[in-house]
Amino acid sequence: MRPFSYTRASDTREALDAGRRGGRYIAGGTTLVDLMRETVERPETLVDISGLPLREVKATEGGGLRIGALVTMAETAAHPKVRALYPVISESLELSASAQLRNMATIGGNVMQRTRCTYFRDVTAACNKREPGSGCAALEGHNRTHAILGTSDACVATHPSDVAVAFAALEATVHLLGPDGERRIRFADFLLRPGSTPNHEQALRQGELITSVEIPALPRPLKSGYLKVRDRQSYEFALTSAAVALHVRGGVIREAKVAAGGVGTVPWKLPAVERTLIGERPSAVLWAAAAEKAADGARTLQYNGFKPELLKRTVERQLRVVGGTK
């Protein structure tokens with residue numbers, strides 16, 4: 001552990017001032033502290049924001065839901081409004097980490113967490129995300145769990161968050177507060193694909209702070225759910241996952257929101273799957289046809305060639321669960 005200074009922000013202004021000077025925000029700390037121990041992260045100053053008033057889950061005027069950045073994973077998953085309106089969020093959180101971590105980790109921190117790529121966390125390995133220009137050891141290394149969508153020659157690491165997949169599917173918005181004031185950004189634009197700069201992971205400006213994640217109002221009734229496929233059933237990251245939300249009225253699918261995890265460098269929205277579903281009647285044939293498009297554009301590596309087919313099967317299964325089968 002390298003020396004660092006620690007300050008606890010008493011209000012938002014104090015937090016932003018410290019962030020503008022290069023301080024790193026910390027709340028639950030379940031990821032950042034681990035990375036500091038491994039010397040992957042080396043912040044000079046930590047700014048504790050756990051006392052800020054960002055712990056509310058509330059309905060928006062338009063009928064959506066706004067989740068404060070400091071609401072814990074456990075609190076979010078158990079909240080009556082979340083469970084009633086968007087069970088895909090609750091399920092994605094409950095399938096994440098251990099109960100102890102869910103009681104500490106926050107929604108803002110979960111979205112901001114960095115990859116679990118072994119080479120990223122091994123400071124002796126080449127990693128463009130950790131040290132730009134050093135190379136990517138995963139390209140020719142043990143890459144069974146790595147991404148097949150959104151990759152580049154500079155990085156093939158997956159984004160580890162489960163709830164981020166649900167947020168991507170539901171087309172959430174991230175609310176930010178920084179030295180220049182408030183702004184909003186689509187969740188799809190917040191987490192960045194690696195391209196040639198994999199060290200730039202979020203569309204954050206210097207000193208900006210996530211204040212909440214807003215889920216838009218969607219037509220009712222809305223059925224949704226999350227499926228996570230992994231090597232073991234407890235405390236493991238996804239090989240593939242699928243977040244699905246469907247609005248069916250008059251026997252026809254009017255709205256379809258689908259995204260995948262465990263396969264992309266960011267949570268991967270599946271618009272081709274959605275287009276195949278909208279306007280059609282639910283059926284086993286439809287689920288299979290839509291799922292066939294889930295891996296469009298996939299680029300496999302030496303050890304993860306099984307992922308495109310596994311992704312298709314994961315999406316098809318979750319479409320069956322949420323939409324039913326005739």
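For the structure, see preceding data.
Residues numbered from 1 in each chain as written. Predicted model: local features only at pLDDT ≥ 70, side-chain atom pairs only at ≥ 80, totals over all residues. Heavy atoms only, no water.

## Quick notes on the overall build of the protein chain
In terms of helices and strands, the protein chain carries 13 helices and twelve strands. Here the C-alpha atoms of the protein chain give a radius of gyration of 20 Å, agreeing with the 20 Å that 2.2 N^0.38 yields for 326 residues. Each principal axis of the C-alpha distribution contributes one length, and for the protein chain these read about 60 × 50 × 35 Å. Within the protein chain, counting contacts between residues at least 6 apart in sequence, those at least 24 apart form 63% of the total. (Helix = DSSP H or I, 4+ residues; strand = E, 2+ residues; numbered from the N terminus. Rg over C-alpha atoms; globule rule 2.2 N^0.38 Å. Contact = heavy atoms within 4.5 Å.)

## Some remarks on the nonpolar core
The tendency in soluble globular proteins is for nonpolar side chains to be buried side by side. Counting residues in hydrophobic clusters, the biggest one holds 65 residues, and the most contacted among them are Ile89, Phe167, Phe187, Ile215, Leu277 and Val315. At seven residues, helix 9 (residues 163-169) tops the list of elements feeding residues into this core. Sequence-distant contacts of Ile89, defined by excluding residues within four places in its chain, comprise Thr76, Val82, Val163, Ala166, Phe167, Leu170 and Ile215. In this structure, Val40, Tyr119, Phe120 and Ala157 belong to the second largest nonpolar core, which totals 13 residues. (Core = buried A, V, L, I, M, F, W, Y, C linked by side-chain atoms within 4.5 Å. Buried < 20%, exposed > 50% of the residue type's maximum accessible area, 1.4 Å probe, protein only.)

## Structural notes on the packing of aromatic side chains
Tallied over the entire structure, the rule returns one aromatic pair. Taken together, a centroid distance of 5.7 Å and an interplanar angle of 70 degrees make the contact between Phe167 and Phe187 edge-to-face. Placement of the pair is Phe167 in helix 9 and Phe187 in helix 10 (residues 187-190), with a sequence separation of 20 residues. Over the ring of Tyr86 we find Arg220; its NZ or CZ atom is 5.1 Å from the centre of that ring. (Phe/Tyr/Trp six-rings, centres within 6.5 Å; stacked < 30°, edge-to-face > 60°. Lys NZ or Arg CZ within 6 Å of the ring centre and 35° of its normal.)

## Some thoughts on the pattern of salt bridges
Opposite charge on two side chains allows them to pair when their charged atoms are near. Within the structure shown, the criterion is met by 23 salt bridges. One salt bridge connects Asp48 with Arg8, and the closest N-O pair in it is separated by 3.1 Å. Placement of Asp48 in strand 3 (residues 45-48) and of Arg8 in strand 1 (residues 5-8) is noted, with a sequence separation of 40 residues between them. On the basis of relative accessibility, which here comes to 8%, the residue Asp48 falls in the buried class. Among the residues examined, Arg8 registers a relative accessible area of 47% and is labelled partly exposed. (Salt bridge = Lys/Arg side-chain N within 4 Å of Asp/Glu carboxyl O.)

## A word on the sheet that holds strand 1
Spatially, 1-3-2 is the arrangement adopted by the three strands of the open sheet, whose pairing is parallel. Single-partner strands in this sheet number two, and they are strand 1 and strand 2 (24-26). Here the strands of the sheet are splayed against their neighbours by 30 degrees on average, with no regard to which way each runs. Helix-sheet contacts for helix 1 (residues 12-20) involve strand 1, strand 2 and strand 3, and the interaxial angle to strand 2 is about 140 degrees. (Pairing = 2+ DSSP bridges. Axes fitted to C-alpha atoms, helices over the stretch in contact; angles between N-to-C directions.)

## Remarks on the environment of Leu227
Along the polypeptide, Leu227 turns up in strand 9 (residues 223-229). Residues Leu227 and Arg317, spaced 90 residues apart in sequence, show a C-alpha to C-alpha distance of 8.4 Å.

## Here we look at the side chain of Thr173
Summarising the element assignment, Thr173 is placed in strand 6 (residues 173-178). Excluding anything up to four places from it in sequence, Thr173 contacts Arg184, Ile185, Arg186, Phe187, Ser212, Val213 and Glu214.

## A closer look at the state of the cysteines
Here is the idea: a disulfide is a covalent bond, and it sits between the sulfur atoms of two cysteines. Tallied over the full model, the rule gives zero disulfides. There is no disulfide at Cys136, and the cysteine sulfur nearest it, in Cys155, is 5.6 Å away. The buried category is assigned to Cys155, whose relative accessible area is 5%. (Disulfide = S-S within 2.5 Å.)

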